[in-house]
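Listed here are the chains, written in short residue letters.
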Protein chains: 2
Amino acid sequence: MPRPSLPEAPERARGQRDPEATQRALLAAATAEFAEKGLAGARVDEIARRAGVNKQLVYHHFGNKEALYRAALEQVYSGIRAEERALHLADLPPEAALERLVGFSFDYLLDHPEFVALLNDENRQGAPHLRDADGLQAMHSPLVDLLRETLRRGGEAGVFRADLDPVQVYISIAALSYFYFSNNRTLSAIFGRELGAARDVAARRRHVIDFTLRALRP
Amino acid sequence: MPRPSLPEAPERARGQRDPEATQRALLAAATAEFAEKGLAGARVDEIARRAGVNKQLVYHHFGNKEALYRAALEQVYSGIRAEERALHLADLPPEAALERLVGFSFDYLLDHPEFVALLNDENRQGAPHLRDADGLQAMHSPLVDLLRETLRRGGEAGVFRADLDPVQVYISIAALSYFYFSNNRTLSAIFGRELGAARDVAARRRHVIDFTLRALRP
DNA sequence: ATCAACCAACCAAATGGTTGGATAGCATCG
DNA sequence: CGATGCTATCCAACCATTTGGTTGGTTGAT
């Protein structure tokens, strides 16, 4: 049985209510709109249209445009955190664990361009919405702890340097993948090469893993 | 004799004209405004106010808001390209040359936050303005050629791997510095540590150089 | 050398489409 | 029936762009 509605639109029998589905639809529409156009460029009318609901429901359920933006930000953040927590690296030998960690960082950004776009916009503004987000404490990525432990194990086993700062390494791992996606279009323009093509993406993935592992060797 | 005017405002004796100074002032004001608020968030009124000229001059000299944005983008790009061309690496041994190259990339972004901010905004939009910029051909960074040559020399001397792709290495070098600055606020929030402080910036600079040089070793 | 024509630089105010948000009322659920 | 989800309609503020000019420098014919 095919669903004719937009993917984001809540399915609602005539005259029925489903506030949770409405909020989900609004959040999904908002995430897409804010990712495409940023906070300033996004239009509340368009978000409501995409969600298939009346514009006033934005104000009813979220308060105002900026609060909706904050909700979208928090949601994409909690999305990546959830997947990060599902990574189990303790079972793997240090080098394999690190390869999985780096690969995960790369793959997640590849699969979630809206995360990159939203974070880009938020950072250009100076991250004012993330600063006073509720779950800021819980936002600290579990990856840093996983990384710290992996580096420690690798240091003991003699496959990694022993004097590594996990925070610096974490930032570098994130950087090598994030920059490739966030600046993909300008890089493609500069190099006259379509870096978004599957072939180039795969080559970049290999390079990032290789580059990182080599940098960590003793 | 102190000048009471804003730094961006053209000095103009009463009733005098100076179209070039006006355009410079508008470009400077536009760069700052677009960097702070993005294309969508920037206000033409505010740009004119910052430049100390009448709003209509934006239209007289540049055509419209988007053309002014493009001009600002092209200007910041030509700024970094100019400094890149001033780098002479051929005289240095490969490792020293690479250290200088990486250090330059880092320092330039540190000193030019408006470059990072503008590029962030342009990329989130999908880089439509850079795509049809006039000097696209001339935009190809001379750094890639410098890097290619440096890697070749290092490969022959046995201090670098011989199978390195200069484009991938260039992207990685740019990434390690760019991401730190572009995402500085969210990283600071996540780690609860002020990564913009001079101490942290210096530590990052050392890390980036070290990380890169180690990754390139045979 | 003078001056009238011309045009770029400049300005204040108007325009009109857009947009975030408000108001008022209807519908449905518990 | 009271509270909450929801819709239609409205509106004041905002904002990019246009209009309709004035002003000052330059040019070329006299």
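An unreviewed UniProt entry lists chain A under the name TetR family transcriptional regulator, with Belnapia mucosa given as the organism.

This part covers the environment of B:His88. Residues and elements named next belong to chain B. For His88, the position within the fold is in the loop between helix 4 (65-85) and helix 5 (94-111). Given a relative accessible area of 52%, His88 falls into the exposed group. His88 sits 58 residues away from Leu146 along the chain, and the two C-alpha atoms are 8.5 Å apart.

Between the two copies, chain A and chain B, the superposition gives an RMSD of 0.1 Å; the rotation angle is 180° and the shift along the axis is 0.0 Å. The two molecules are tied by a two-fold rotation axis, judged by turn and shift. Within chain A, the C-alpha atom positioned nearest to the axis of rotation is that of A:Ala215, 2.1 Å from it.

Each partner contributes to the interface: chain A provides 60 residues, whereas chain B provides 60 residues. Counting each side, the surface lost to burial between chain A and chain B is near 5000 Å², with a carbon and sulfur contribution of 61%. A per-residue breakdown of the area chain A buries against chain B is headed by A:Arg124, A:Ile190 and A:Phe211, which together make up 14% of the total. The tally of links between chain A and chain B comes to 4 salt bridges. The closest approach of N and O atoms between B:Arg161 and A:Asp210, which form a salt bridge, is 3.1 Å. Between the two partners, chain A and chain B, sit 13 residue pairs in polar contact (both at pLDDT 80 or more).

Mean pLDDT over chain A: 90, with 89% of residues reaching 70 or higher. Below pLDDT 50 for its whole length, residues 1-7 of chain A participates in 4 contacts with residues either more than four positions away or in separate chains.

Turning our attention to the UniProt feature "DNA-binding region" (unreviewed entry) in chain A. Sites flagged by UniProt as "DNA-binding region" (unreviewed entry) map to residues 43-62 of chain A. End C-alpha to end C-alpha, residues 43-62 of chain A measures 15 Å, and it is 75% helix and 0% strand.

Each value, and the rule that gives it
- Residues numbered from 1 in each chain as written.
- Chains lettered and ligands numbered in written order.
- Predicted model: local features only at pLDDT ≥ 70, side-chain atom pairs only at ≥ 80, totals over all residues.
- Heavy atoms only, no water.
- Helix = DSSP H or I, 4+ residues; strand = E, 2+ residues; numbered from the N terminus.
- Buried < 20%, exposed > 50% of the residue type's maximum accessible area, 1.4 Å probe, protein only.
- Least-squares fit on C-alpha atoms with pLDDT ≥ 70 in both.
- Contact = heavy atoms within 4.5 Å.
- Buried area = accessible area lost by both parts, 1.4 Å probe.
- Salt bridge = Lys/Arg side-chain N within 4 Å of Asp/Glu carboxyl O.
- Polar contact = N/O pair within 3.5 Å; in protein donor to acceptor, adjacent residues only side chain to side chain.
- pLDDT = per-residue confidence, 0-100.
- UniProt positions renumbered as here; feature names shortened; annotations may be inferred.

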